Amino acid sequence: MPLVQRFLNGPGLGDVRALGIAVSGGGDSMALLHLAAEAGIAARAVTVDHGLRPEAAAEAAEVARVCAGLGVPHDTLRWQGWDGRGNLQDQARRARYGLMADWARAAGLDAVALGHTRDDVAETFLMRLARGAGVDGLAAMQARRRHEGMLWLRPLLRFSRHDLREDLRRRGAGWIEDPSNENPAFDRVRIRKAMAGLADLGLGCERLAQVAGHLADVRAALDHQTRQAAGRLVTLDRGDVILGHEALTLPAEILRRLLRQAVQWVASAEYGPRGPSLAQATARLTEGRGVTLHGCRLVLRREGLRIFREWQAVRGVVSATDAPWDGRWRLEGPEIAGQQVRALGPLGLLSCPDWRASGMPRTSLLASPAVWLGDVLVAAPLAGKANGWTAKAESLRNGDFLSLLSH
Ligand SMILES: Nc1ncnc2c1ncn2[C@@H]1O[C@H](COP(=O)(O)OP(=O)(O)OP(=O)(O)O)[C@@H](O)[C@H]1O
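The shown structure was predicted, so the numbers you read here are calculated from the model rather than taken from an experiment. Sequence order as written defines the numbering, with residues in each chain counted from 1. With pLDDT at 70 or above as the cut-off, local features in this predicted model cover only qualifying residues; side-chain atom pairs require 80 or more to be listed or tallied, and sums for whole chains, interfaces and linings still use all residues. Derived side-chain values reflect all non-hydrogen atoms in the structure, with water molecules and hydrogen atoms excluded from consideration.

K.L.:
When you look at helix H8 (residues 187–199) in this model, what are you seeing that I'm missing?
P.N.:
Every α-helix carries 3.6 residues per turn, so stepping three or four residues along brings you back to the same face. Helix numbers and strand numbers start at the N terminus; a helix is a DSSP run of H or I with at least 4 residues, a strand a run of E with at least 2. To estimate the expected span of a helix, subtract one from its residue number and multiply by 1.5 Å. Compared with an ideal rise of 1.5 Å per residue, which puts 13 residues at 18 Å, H8 spans 18 Å between its outermost C-alpha atoms and is within 8% of the ideal. Two axes enter the bend calculation: one fitted to the seven residues ending at the residue in question, the other to the seven starting there, and the bend is the angle between them. Remark: the principal bend of H8, roughly 25°, maps to lysine 193. On its buried face, H8 is in contact with helix H5 (118–130) and helix H9 (205–233). Any two residues having at least one pair of non-hydrogen atoms within 4.5 Å are treated as being in contact.

Shown next as structure tokens:
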């Protein structure tokens, strides 16, 4: 079957009316561009110039030139955000997704297609295997996924890098080789080299990607079970999560998934706790002991397992009253200049004689949001001192958790 036919038959392109195509200029995304153009899909292409290599601007210009030849509108986005700290690769990747999502929204596109191939699936599988990943890490990347408020498609997951390059050669089309693809400082490059030997053992890209695909099915089944368990066992109490006692009798994998989501939501963290700390925490909980995990306390009480923010984790967190506090709380009330939101803390709680009527544990209230004017406590909406203020926990991060509950 011609490549373009396989491309059109692949999962997920059908209902997209206006497609964005992320084209770095490498072989995979150039092949994606040509296939989309040949298939007659209404598309607009984008290249992010991270400003990190001197050649990057010329590469973006080269992609623009090829796009013009194909009649595909093209934009170059520039990233100037690196502050010289942290993991550059990681920051550049996040910035790229953010920039491309904004671009796609502004251009009225429904989705953005990425050029990940079967080889990427196989390489990622081996890299994660080397790090001892669990099912989620080993499962193949998704052909469709929502992220940064945009739909991302990976229409080339069933294509081999080799076939795509052959297709480009057949068209007489070029692509840009990224010099870092040869740099053995990168795990991916070393894995790629090692894979040449594995193919002889029957562990070629196709086989590895097949196993990753099986694990993606397993992941989907586990997610389904987790949603069902959440619907039955999870309740929210203001900003705290309560898991019914039965949760501790769930299969360990389901319990860990539920806890990861709940803790990530309470901590308003970008990621949930990592596997080993989660496993340690669940072991302690099943022995009937409380734990501290990811800036949260998990405590067994009469009503079930209560998960709340740990005061130590938020004691230094300050925000303006009109900004979210601790990444998830919105406060509303009478504004007076100079007011700030900080945790209630033990001193604040002393000014809340009625806190017991809230039914919340003292340790949870310590980490609850309060309005302060200097050292004076103005309001502690969760601890019985409202003074016209309300506080609501929102799903600013990990909205997935709340969506678990609505099923
Ligand atoms: N600078 C860029 N401009 C536009 N699109 C890009 C750029 N870099 C990567 N992409 C898109 O992302 C796809 C994957 O690229 P690559 O594997 O280099 O990214 P990555 O950093 O490993 O991303 P991921 O974490 O999503 O795997 C490319 O095929 C292309 O569609």
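Here the narrative resumes, following the displayed structure.
K.L.:
Would you mind going over empty space enclosed by the protein with me for this structure?
P.N.:
Where empty space is left becomes clear once a probe the size of a water molecule has been rolled over the atoms. Within this scheme a cavity is a closed region of a 1 Å grid, computed over the protein atoms alone, that accommodates a 1.4 Å probe without allowing it to escape, whereas a pocket is open but has protein on both sides within 12 Å along at least five of seven lines; lining residues each have an atom within 4 Å of a point. Grid points are joined across faces, edges and corners, and a volume is the space filled by probe spheres set on the points. Scanning all chains against the criterion turns up 1 cavity of 30 Å³ or more. Quantified by volume, the largest cavity comes out at close to 60 Å³. Any residue that is not Ala, Val, Leu, Ile, Met, Phe, Trp, Tyr, Cys, Pro, Asp, Glu, Lys or Arg is counted as polar, Gly included; the first ten are nonpolar and the last four charged. In the lining of the largest cavity, the residues fall into 5 nonpolar, 3 polar and 3 charged. Either an automatic procedure or a domain database provided the assignment from which the domain bounds are taken. Two domains share the lining of the largest cavity, each providing at least three of its residues, namely domain 2 (233–309 + 399–405) and domain 3 (312–393).

K.L.:
Sorry if this is basic, but what is going on with the sheet that holds strand S9 (residues 291–293) here?
P.N.:
Pairing between sheet strands relies on hydrogen bonds along the backbone, with the strands arranged either parallel or antiparallel. In this scheme, strands are said to pair when DSSP sees at least two bridges between them. As summarised here, the arrangement of the 5 strands in space is S7-S8-S11-S10-S9, forming an open sheet in which the pairing is antiparallel. The sheet is open, and its two borders are formed by strand S7 (234–237) and S9, each paired with just one other strand. For this sheet, the mean angle separating the axes of adjacent strands, direction not counted, is 25°. Both S9 and strand S10 (residues 296–301) contribute to a ladder of 3 bridges, which runs antiparallel. Looking across to S10, one finds that valine 291 is bridged to leucine 298. For helices, the axis comes from a line fit to the C-alpha atoms of the stretch in contact; other axes are also lines fit to C-alpha atoms, and the angle between any two N-to-C directions lies between 0 and 180 degrees. The strands that H9 touches are S7 and strand S8 (240–243); relative to S7, the one it contacts most, it runs at about 55°. Packed on one face of the sheet, helix H11 (residues 275–286) meets S9, S10 and strand S11 (304–309) and runs near 160° to S9.

K.L.:
Sorry if this is basic, but what is going on with the UniProt feature "domain: tRNA(Ile)-lysidine/2-thiocytidine synthase N-terminal" (unreviewed entry) in the protein here?
P.N.:
Annotation from UniProt places "domain: tRNA(Ile)-lysidine/2-thiocytidine synthase N-terminal" (unreviewed entry) at residues 20–193. In the segment residues 20–193, helix accounts for 47% and strand for 15%; the C-alpha atoms at its two ends are 32 Å apart. UniProt positions are given in the numbering used here, feature names are shortened, and annotations may be inferred rather than shown by experiment.

K.L.:
Would you mind showing me how to read the domain arrangement of the protein here?
P.N.:
How big an interface is tends to be stated in terms of the accessible area lost upon association of its parts. In terms of domain boundaries, the protein breaks down into domain 1 (3–212), domain 2 (233–309 + 399–405) and domain 3 (312–393). Inter-centroid distance (C-alpha atoms) of domain 1 to domain 2 is 35 Å.

K.L.:
What am I meant to see in the pattern of salt bridges here?
P.N.:
Side chains carrying opposite charge are able to pair once their charged atoms draw close together. Each salt bridge in this description consists of a side-chain nitrogen of Lys or Arg and a carboxyl oxygen of Asp or Glu lying within 4 Å of one another. A full pass over the atoms with the stated rule returns 38 salt bridges. Salt-bridge contacts for arginine 256 lead to glutamate 253; the nearest nitrogen and oxygen are separated by 3.1 Å. Of the two residues, arginine 256 and glutamate 253 are both situated in helix H10 (residues 252–267); the distance of 3 residues between them amounts to about one turn of the helix. Buried, partly exposed and exposed residues are distinguished by accessible area as a fraction of the type maximum, computed with a 1.4 Å probe on protein chains only: under 20%, between the cut-offs, and over 50%, respectively. Owing to a relative accessible area of 24%, arginine 256 belongs among the partly exposed residues under this scheme. With a closest N to O distance of 2.7 Å, arginine 309 and aspartate 326 form a salt bridge.

K.L.:
Would you explain the layout of surface pockets in this entry?
P.N.:
There is about 310 Å³ of room inside the second largest pocket. Forming the walls of the second largest pocket are 15 residues, and the residues nearest its centre are Ala140, Leu157, Arg158, Ala209 and Gly213. Of all the secondary-structure elements, those providing two or more residues to the lining of the second largest pocket are H5 and H9. The greatest single-element share of the lining of the second largest pocket, amounting to 6 residues, is contributed by H9.

K.L.:
I'm lost on the environment of threonine 363 in this one. Help?
P.N.:
With respect to the helices, strands and loops of the structure, threonine 363 is situated in helix H14 (residues 362–366). What makes threonine 363 partly exposed here is its relative accessible area of 42%. Distance from threonine 363 to arginine 297, taken between C-alpha atoms, is 8.7 Å for residues 66 residues apart in sequence. Once residues within four sequence positions are removed from consideration, threonine 363 is found in contact with Phe308 and Arg309.

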